[in-house]
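Commentary on secondary and tertiary structure
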Amino acid sequence: QVQLVESGGGLAQPGGSLNLSCVASGAIFRIVSMGWYRQAPGKQRELVAAITRGGTTNYADSVKGRFTISRDNAQNTVSLQMNSLKPDDKAVYYCSAYDVAVHTEYWGQGTQVTVSS
């Protein structure tokens, strides 16, 4: 089992910045990738960004150049720096971790991000 605890999020103005962090605990040695997903009201959950243990990253087209995902393997954390926020970025953001041993994606509890003037 892997447990994920998120922090950060909140309210930002358009063009502003926020940082999300997620700490993993439990069977962390089995995690091969971590990432952030988001779900806006009435929409499906979508990938925002992901990063492998080796540091390979993947971003949704809508956030490329604005968001940066990073990972600290020693601290078992993954962070998402969000710059140049837009109202369309408003959603609940979820941390995820993929456990290769049991082919399971684990999820955090979610944190709300609101972008509004």
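Here the residue numbering is sequential within each chain, running from 1 through the sequence in written order. Selection of residues for local features in this predicted model requires a pLDDT of at least 70, selection of side-chain atom pairs for listing and counting requires 80 or more, and totals for whole chains, interfaces and linings are taken over all residues. Computation of side-chain values: all heavy atoms of the structure, hydrogens and water removed.

Brief notes about the nonpolar core
As a reminder of what qualifies: Put simply, buried Ala, Val, Leu, Ile, Met, Phe, Trp, Tyr and Cys residues joined by side-chain atoms within 4.5 Å make one nonpolar core. Here's how the labels work: a residue is buried when its accessible area is under 20% of the maximum for its type, exposed when over 50%, partly exposed in between, all with a 1.4 Å probe on protein chains only. Secondary structure elements follow DSSP: runs of H or I no shorter than four residues count as helices, runs of E no shorter than two count as strands, and numbering proceeds from the N terminus. Contacts are assigned to residue pairs with any non-hydrogen atoms lying within 4.5 Å of each other.
Counting residues in each nonpolar core, the largest one holds 31 residues, and the members touching the most others are L4, M34, W36, L80, M82 and Y93. Those elements that place two or more of their residues in this core are β1 (2–8), β3 (18–26), β4 (31–39), β5 (46–52), β7 (67–72), β8 (77–82), β9 (91–99) and β11 (111–115). If we skip the residues at most four places from it in the chain, L80 touches L18, N19, L20, W36, V48, A49, F67, T68, I69 and Y93.

Describing the state of the cysteines
Rule in force here: Disulfides are defined as cysteine sulfur pairs within 2.5 Å.
Within this structure, the stated rule accounts for one disulfide. One disulfide in the model links C22 with C95; its S-S distance is 2.1 Å. On the sign convention where negative is left-handed, the bridge of C22 and C95, at about -80° about the S-S bond, is left-handed. You can see C22 sitting in strand β3 and its partner C95 sitting in strand β9, a full 73 residues away along the chain. You'll find C22 and C95 in the same group, each marked buried.

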